Structure formats: structure tokens, C-alpha cells
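Each chain is listed here by its residues.
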Amino acid sequence: MLVLPKLQLEDVFACAQCGYCMKRCPVHYFLGWESESPRGKVFAIKELIKNDGRVDEKRIHRLGRLLSKRFFNCTFCGLCREVCHVEIDLLELWSRVREMLYDHGFVPENVVRLSEALRLSKNIYMMDNASRTDWVAYTGADVSFKDSAEVVYFVGCVTSFSGRVQTVAQAISSILNSANEDWTLLKDEWCCGHPLVLSGATREARALAMHNVEMVESIGAKKVVTGCPGCYLALKHEYPRLLGRKPGFEVLHSSQLLDVYMASGKLTVPKADVTLTYHDPCELGRISGVIREPRAVLQTIADALVEPEYSGKESICCGSGGLLKAVNPSLAESLARRRYGMLASTGADVIVSACPTCVQTLAQAATATQNGKRVVDISELVAEQIGLI
Amino acid sequence: MAIPNDFLNVLINKLGEEHVSVDPLEKLVYAHDLAALPKSVKLLFDTTPDAIVRPESAEHVAEVIRLANEYKIPVIPRGGATWGFGGTVPVRGGVVLDLTGLNRIVHLDEEHGLLTVECGIVWEDIMRFLQKTCWELPVYPSSALSSTVGGWAATGGIGYGSLKHGPFIKNVVKATAVLPDGRAVMLDDNSDPSLSQLFGSEGILCVFTDLTLKLVPKSEAERPFMASFSSLANALMAAQEVLRLTSPHSLVLRTFGFTRTKDYVNPDAYFFGCFTGYKHAVDKYYLTLEEVVNRYRGYLAPEDEAGREWEERFYTLRVKKWGPSILGNEFIIPVPKILDMVGYCWQLGSLARLDVEVEVMFVSRDRALMFQLFLCDERKSIRYLTEAAITKKVLEAAIKAGGKPYGYGLWNFPFMEAAEPEKKRELESLKRALDPQGVLNPGKTIGAELALGLPLPGRLYGMLMDGVWFLRKVV
């Protein structure tokens, strides 16, 4: 049963219904109906909870499927929270509602399949988890599996298994080698659990978090580096909440590591005669606040960096977040095309992001257009320019 | 009311399934606007629509209204639903016409500075579009981040820039509207009915489908300002002096409660605004402002803080966080009466044990739009119902002081007779002529209707409100 904590209950009633969230919501942009907007969803919650914060079970059972459709038609991009008139933590609220829908069995079929896949195979692709490091052989990357190291490179499911972005793993490995870092991969990395948090399956996500934290701590690593903003969000912000303690390591996104390396002179990258534009991944930029670092890196290595319409904290989602691709692929595709259009219209030669999933999604949108631009991950670009890959 | 299946089938056939919804969750979320209705009030009206239609063209709008006429189904036009007077809330079901899909920029006349837009476009989108041109909007509402052009034309039309450029109506050249019989007509000063007759008629006489707006050349300079004072009286006198000696784009005065949402001001009252125009004029005005603020022992905030406040101008309702609910009203009031009215609001707040915050947006040197917010908690149902009567008390006092409501909608309709009797007669006569079947937004502005179509006399409504206000003492 969903019982909204006092603070969130206050938030639901404090919602001014001003619609600022609705105007910015990338999903509402395409669907248009009030119930598909953050404002509409908050109003629906308000109508379904009692004054003590408990949900009206009867109405939930009656409207469950309809609610599920709306609450999973969301990329969890956090733009609604960013523009909220009364500063409601809407992402927290959406998570609570998805948890409630999961507990009541009102989640879309593909989300059920995804949680089942994760429970059985520990990765989102339902692959044998032993093949998680096959990318090493495919790319010829120079990696090691140590019992003890200073840094762990947490690769993530998408980068490990998806052929289009395995070069991101190759690039990050080569950069770590080039900086003479004492680093290792995990011998048995499991999904970070973020997709389960997004499914509403928080209990199941906890098991994955525990395993990954134990693995890292057994190595004694002081830092965990990842190129995936979803993994970064899970490791840095979700794990302390899931586990009830702060893991004993620092978490860095690859763009932050690159910024540190380049600022300290550990990595020297020649400047290229190219104009870049940067797409802020929602989970990295707006939600985790990593906005300056990727820009600092790109400004150093490129002739010019052009900001697209909506950037930084105001960035628009590419459609790949919040499990939308699994739940409503055609809508996710529309979002990707819209965002790609904004990035391409900057006139930049290359579109850069700092997220393998965004890169994959935007690249797919690029192939659907004539003369589609190259879309690349920041680590790939840096590694290419140094001649590492 | 339940709408006939036949009507629904024809509607779907004409517009397409994707434009019509009867989904129960959709109906739930279209049954309200900005204001939270006391639960008992919801019993009086049937606020849940029977269907929602999202037209994508003016032809769709005309089609819906023609059909509604044929079947005598109420049609409730809706823009961003950012108004709090119940204008977009059904009173006996019917069809809510969500116009936000009509959101295109139709034409920019670069030479003459005229912009034609569809009614559902949000103001912020126009601002973004104009960034690439040499023109800007003369006026826009304080809810510009989500409200629509058509919505503002149907309601008050006073906002940022009105001090310098007048109300919205002075900045509209012409419009196209669909009348209650489904006819699309072009409206301007010479048409019959004229643009000014239908402007601000709160969706009871027509649905605007596109409007041609006057633009102004982009300002050479823009200089926001903010000054705080140890008393509201000083702030008010200083503001009046600024208005007398300079020509700001906008000037807004707020009581201390608003400062709870800021970490950079800590006064009893403050005002903020912006000078726009040629650089030399803007700089001259700013120097005058400095002198005035000093004379009234105020504190002129550094320009970066003033800039932040100006950027925050669309976030008036931040204060709601401390409610979590609010009750409020808006009215136009003579400037000399502001201090008395604020005092009266404080007195009422103290009687009802509610915090009250007041915002005053100057419309001219002698008139201002006053917005007061009583912080309350809608979860305490009975208390909330009794507190709701406070808005009537405030409005009665404002009318006595020579003011008039900013809008009528569902909640302020009984006050039109006292505040603007001539306007009421004109609207009633136009309603009879244009909408004899009472299809368009029935039960609003010039008279209310209960769920079963029974009329709700203004006097009865007033007595009910007085009754609940009295009940407050018992509760």
C-alpha cells in the first residue's frame, strides 16, 4: 500500500497546478492530454489519496491500468522538478507511485519482463552475465581483473552488451591506462539496479546494489568510475538510500575524470578543428548536477562548442530514460527525433553526449535523417583525438 | 449530464478518435483549474466533463461547437487552465475543449511588427520565437510560462508591460473567433460584434482561434530594479513617486510574506520592476529611482539581485509551499485605496487565523491589480469551506472602495451586478443574441447554474457565503 510520507503529502497539496511542468514535459509535448502531464498526474494522485496520505485502494484498483499507462509514459528526465513553482520533488513522487503500481501488479508487461530478466540474469538484456566482458575481446581493449586496485571501472549493461557503444568501454579503459591509473574491472559486475528502481521494484534493486557494493569494497577501491549516467545516479545517489549506508568509495562519471586528468595535465589532448555541440544527459546534468565538467573537456579539445536550444539544467530528454523505450518505443523515437533536430540545427559537425544510451538513441535518430550527423560519446572523442582507439 | 452516444460517435467520426477522450482518468484531471474546490462545493456542480476534445484546427473548433448546438451539449473552452475563478470548470458536465493543440505561429509581419498566432500557443513560446527577431511583446501575463494567448484574451489581459503599453486588448489588432452557432468570424474594432465586445468575455460568447498581436521594437536597454522598505506605507509612497517621475515597464509591490521564498531580501515590503527603452532614458530613470528610494529610507538592492527577482517574476505562487493551499482573489483597485485594502486583508487574516500575503501590480499611475493570498489547508475540509468565504469579504470591500474584480468566472459572478452593471447588461444581451441555447461555457460570469441546470441566484450564493463565514466562528 502506498502511504505518502508527510513531506510528500504536503507537496501534493502544495502543487499550484500552474502548468509550468506541463509546458516543458517532453512526453506531454507529443501526447498533449492533461493526464499525460506532470500537473495532471499530481492532480490524479491528490484525488486518489486520503488526507492521511493513504491511497484509496478501491480507486487504485479501478484506475490502476490507466494510471500505469500515464506514470510509465515518463522519461524520468526531471525537467518537471526543475521548473516546479513550489519546488516539489516530483521524481521522488513518481518513484513512489511506480513502487505502488508495481506492488499492485499494475506495471506494463515489458517492465515485468525486464525485472524478471534482471532477477535471473543480472543484466537488462537477459544475456548470460558471464558474457558481460565479451566486449574486451571484441574491441581488443587492454583491461585487467585485479583483486585489489585504487579504481574500479563500472561498465554498465548498455556499454557492455550493446555493440554500438562498446567502444565507449574501450575508450574509457584506454584513457585509464594512459593516465597510469591502478584500475580494474569487476570480475562479476551486475546491473546497477537503476532500471529496477525505475520499474518500482525497489526491493529487487537492493539485492543488486548489495552485490555490487560488496564487490567494490572487497577490492578496496577508493573510486568507482562509470561512463553511464544511470549507473552513476544509482551508485552515487540511489545506493545510500537502498542500503541505508554510504558505500566506502567515491563515484565519478567519466566526464568528471576526464576533466580532472586534463586540468592536472595527466592527459593532454590536441585541439581539433571541429565544431561540437553537447547534449546533456538528464541523469547526469539536471539530476546529478554534472554540467560544467563535460563542457570544460569539450572546450579544451574543440575549436568551438555550440550550445543547443535547451541545454544544461534545461536540457530536453532524448527519449531513452525512465524505461520509456521499453514501454512506448514509438513515443521514445519521437522524442529522440525532436532532440536530434535541436542538436543538428546548431550547425555543429559532431554531436557529443556523455551517455552511451543517449548516444545510441540520438545516433539512431540521425540515421533516420538525410546527412545525419555523427553522434559520439565524450570518452570516445577524447580517446580518438589522443590516438588511443 | 450524460452525453448521447450518437453525439459522441459523430464527434469521433468528424474529428478522429485521437482528438476525443472519454477516459475516466482524463475526465478526472480536466475537472478543475488552478483553484482547489472545497469538497462540499463540488457536490453543487457536476465538474466532471463527459468528454474532452483536443482540436487541432479552427475548423475542428467550429465543428465541435456546431454539433454541441445541435445536441445542446455544454462546451467549456480551456487554454492553459491557469486562471483560478473556475472559468474552465464544467458546472453540468459537457465537453471540455482543450485548445492547447492550436499552438502555431501563423505569420510575422516583420515590417509592421504584427504577429498572428493560434489561440493555444503559450506566451513563453512566442517570447522564444521573438528572440530571433528585432521585435518583442509589449505585454504578457504573470503566468506566461504556461498560459495561452487565447486564455488571456478571454480573461483579464493585464500583466507585465501593461503599465507602459496598456492592457492586452490595446495590443491586439484583430482576431478570429468561433461564435456559439459555429460560425467563424473576423473581429476588429469595426466588426459586428466588435473585438472589444467579445474580448474578456470569459469563454461565454466565443472561442478565439487566432489573434494578431502588436509587437514593439526590442528595447535598447533593460534595467531591472528592486527596493525594500521597513514599512508597506513607505514602499507604497516610494512606488507612487517612481510612477510619477519615471516610466517603468512594470512595477510590482509585495508584502513581506513573499520574502519567505527568497534568501536575498528581508524587508517588510518591497517592490521590483524593470525599466526598458533607450539606454540614456533607462539610466536616467534609474538615477531618479535611487533618489526616491533614498528619500523613503529604502534599500536599493544590487542589480544582480534585482535581476534575479525580475527573472523570478513568473513565480508568484512560490509562497503556496507554506499553505499548502491558498485562497485568494484579484481585483483592480484605485491606488489611493491600496493601503486600506491591505490593512483590511490583514484584519480578515487575523480573524480567520490565516497568514495573508499581498501583491500589487501597478496598471497605471492611479490603478493597480491587487492579488491577495490567504494561506490555508484544504485538507481540513470544514474549516477550508468556511475560510473560502474570505474571498467574498475582500471583494465586497474592494468594490466599495471603487474597485472591480479582475475576473468573474464561476466564483465571482454575483459581484458583476455591483461592480460593472453596464458590462453585465451588455454581456447578457450579447449572450441572448449569440448563444440562445446557452451552449458556450454555461453557468459562468453573468450567472451560475447548479449540476442539474438549476439557476444559482447571486443573492443566494452571497447568503451561503455569509453563512459559512459566520460558521467559521463556531468551527
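As the structure is a computational prediction, the values presented were derived from the model and not from experiment.

Q: Can you tell me about the UniProt feature "domain: FAD-binding PCMH-type" (unreviewed entry) in chain B, naming the residues and giving the values?
A: The sites that UniProt annotates as "domain: FAD-binding PCMH-type" (unreviewed entry) are residues 45-218 of chain B. Secondary structure over residues 45-218 of chain B splits into 21% helix and 25% strand, and the C-alpha atoms at its two ends are 47 Å apart.

Q: I'd love a proper account of the domain arrangement of chain A, names of residues and values included.
A: Residues and elements named next belong to chain A. Taken domain by domain, chain A holds domain 1 (9-107), domain 2 (132-259) and domain 3 (269-386). Residue-level contacts link 18 residues of domain 1 with 20 residues of domain 3. In this assembly, domain 1 packs against domain 3 so that about 1,600 Å² is buried in total across both faces, 65% of it on carbon and sulfur atoms. Linking domain 1 with domain 3 are one salt bridge, by the criterion used here. Residue Arg24 pairs with Glu314 through a salt bridge whose shortest N-O separation is 3.5 Å. For the pair domain 1 and domain 3, the interface holds five residue pairs in polar contact (both at pLDDT 80 or more). Looking at the side of domain 1 that touches domain 3 element by element, the count peaks at five residues for helix α3 (residues 26-31).

Q: Quick rundown of a nonpolar patch on the surface? Include the residues and the values.
A: Residues and elements named next belong to chain B. On the surface, Phe470, Leu471 and Val474 cluster together into a nonpolar patch covering about 310 Å² of accessible area. Relative to the assigned elements, Leu471 resides in helix α17 (residues 458-474). The exposure class assigned to Leu471 is partly exposed, which follows from its relative accessible area of 37%.

Q: Pulling in residues and values, what's your account of the environment of Gly409 of chain B?
A: All names here are of chain B. Relative to the helices and strands, Gly409 is located in the loop between β19 (404-405) and α15 (416-419). On the basis of relative accessible area, Gly409 is assigned to the buried category, the value being 0%. As a C-alpha pair, Gly409 and Thr445 span 36 residues in sequence and 4.6 Å in three-dimensional space.

Q: Can you tell me about the environment of Ile446 of chain B, naming the residues and giving the values?
A: The topology assignment puts Ile446 of chain B in the loop between α16 (421-434) and β20 (448-449). Every residue in contact with Ile446 of chain B, bar those within four places of it in the chain, is listed here: Ile204, Met416, Lys424, Leu427, Glu428 and Lys431 of chain B.

Q: Now, about the pairing of strand β1 (residues 151-154) of chain A: what can you tell me, with residues and values included?
A: All names here are of chain A. Of the two faces of β1, the one lined by Val151 and Tyr153 and the one lined by Val152 and Phe154 are each fully buried. Inspection of the sheet shows β1 paired to strand β2 (residues 183-185) by three bridges, in the parallel sense. Residue pairing across strands places Tyr153 opposite Leu185, the latter belonging to β2.

Q: Please give an account of the packing of aromatic side chains that cites residues and values.
A: The description of two aromatic rings rests on the distance between their centres and on the angle between their planes. For the structure shown, the criterion picks out 23 aromatic pairs over all chains. Taking 5.0 Å as the distance between ring centres and 80° as the angle between the ring planes, the aromatic pair formed by Tyr29 of chain A and Phe30 of chain A counts as edge-to-face. Seen from their ring centres, Tyr160 of chain B and Trp310 of chain B are 5.6 Å apart, and the 90° between their planes marks the pair as edge-to-face. Taken together, the residues span a long stretch of sequence, with Tyr160 of chain B in the loop between α6 (149-154) and α7 (162-165) and Trp310 of chain B in helix α11 (residues 303-311) at a distance of 150 residues. Owing to a relative accessible area of 0%, Tyr160 of chain B belongs among the buried residues under this scheme. Judged by relative accessible area, Trp310 of chain B falls into the buried class, the value being 4%. Ring-pair connections join several aromatic residues into one group, and the members of that group are Trp123, Trp152, Phe168, Phe199 and Phe208 of chain B. Sitting over the face of the ring of Trp94 of chain A, Lys41 of chain A holds its NZ or CZ atom 5.8 Å from the ring centroid. Of note, Arg98 of chain A hangs over the ring of Phe72 of chain A, and the distance from its end group to the ring centre comes to 4.3 Å.

Q: Got a sec to walk through the pattern of salt bridges? Specific residues and values, please.
A: Per the counting criterion, the structure on display carries 54 salt bridges over all chains. A salt bridge links Glu36 of chain A to Arg70 of chain A; the shortest N-O distance between them is 3.7 Å. Here the residue Glu36 of chain A occupies a position in the loop between α3 and α4 (38-48), and Arg70 of chain A occupies one in helix α5 (residues 57-72), the gap between them amounting to 34 residues. The closest approach of N and O atoms between Lys392 of chain B and Glu396 of chain B, which form a salt bridge, is 2.4 Å. Of the two residues, Lys392 of chain B and Glu396 of chain B both sit in helix α14 (residues 390-400), four residues apart, roughly one turn of that helix. Under the relative-accessibility criterion, Glu396 of chain B is labelled partly exposed at 29%. When salt bridges with common partners are traced through the structure, they connect Arg24 and Glu314 of chain A together with Glu124 and Arg128 of chain B into a single cluster.

Q: How would you sum up the sheet that holds β2 of chain A? Please name residues and give values.
A: Residues and elements named next belong to chain A. Read from one edge to the other, the open sheet built from four strands follows the order β2-β1-β3-β4, with strand pairing classed as parallel. Edge strands, defined here as strands with exactly one partner in the open sheet, are β2 and β4 (250-253). Across the sheet, the axes of successive neighbouring strands diverge by a mean angle of 30°, strand direction being ignored. On the sheet, helix α14 (residues 229-243) packs against β1, β3 (223-226) and β4 and is oriented at approximately 165° with respect to β4.

Q: An account of the nonpolar core is requested, with residue identities and associated values reported.
A: The biggest cluster of nonpolar side chains holds 227 residues, and the ones touching the most others in it are Trp94 of chain A together with Trp123, Ile126, Phe168, Phe208, Leu211 and Leu213 of chain B. Sort the elements by how many residues they give to this core and helix α7 (residues 90-103) of chain A lands first, with eight residues. Discounting residues that sit within four places of it in the chain, Phe168 of chain B has contacts with Trp123, Val139, Val149, Trp152, Ala153, Gly157, Phe199 and Leu213 of chain B. Among the nonpolar cores identified, the runner-up in size contains 56 residues, and Leu232, Ala239, Leu289 and Leu395 of chain B belong to it.

Thresholds applied
Residues numbered from 1 in each chain as written. Chains lettered and ligands numbered in written order. Predicted model: local features only at pLDDT ≥ 70, side-chain atom pairs only at ≥ 80, totals over all residues. Heavy atoms only, no water. UniProt positions renumbered as here; feature names shortened; annotations may be inferred. Helix = DSSP H or I, 4+ residues; strand = E, 2+ residues; numbered from the N terminus. Domains from an automatic or database assignment. Contact = heavy atoms within 4.5 Å. Buried area = accessible area lost by both parts, 1.4 Å probe. Salt bridge = Lys/Arg side-chain N within 4 Å of Asp/Glu carboxyl O. Polar contact = N/O pair within 3.5 Å; in protein donor to acceptor, adjacent residues only side chain to side chain. Patch = residues over 30% accessible without salt bridge, like charges linked within 9 Å, V, L, I, M, F, W, Y side chains within 5 Å. Areas by Shrake-Rupley, 256 points an atom, 1.4 Å probe, with all protein chains shown as cover. Buried < 20%, exposed > 50% of the residue type's maximum accessible area, 1.4 Å probe, protein only. Pairing = 2+ DSSP bridges. Phe/Tyr/Trp six-rings, centres within 6.5 Å; stacked < 30°, edge-to-face > 60°. Lys NZ or Arg CZ within 6 Å of the ring centre and 35° of its normal. Axes fitted to C-alpha atoms, helices over the stretch in contact; angles between N-to-C directions. Core = buried A, V, L, I, M, F, W, Y, C linked by side-chain atoms within 4.5 Å.

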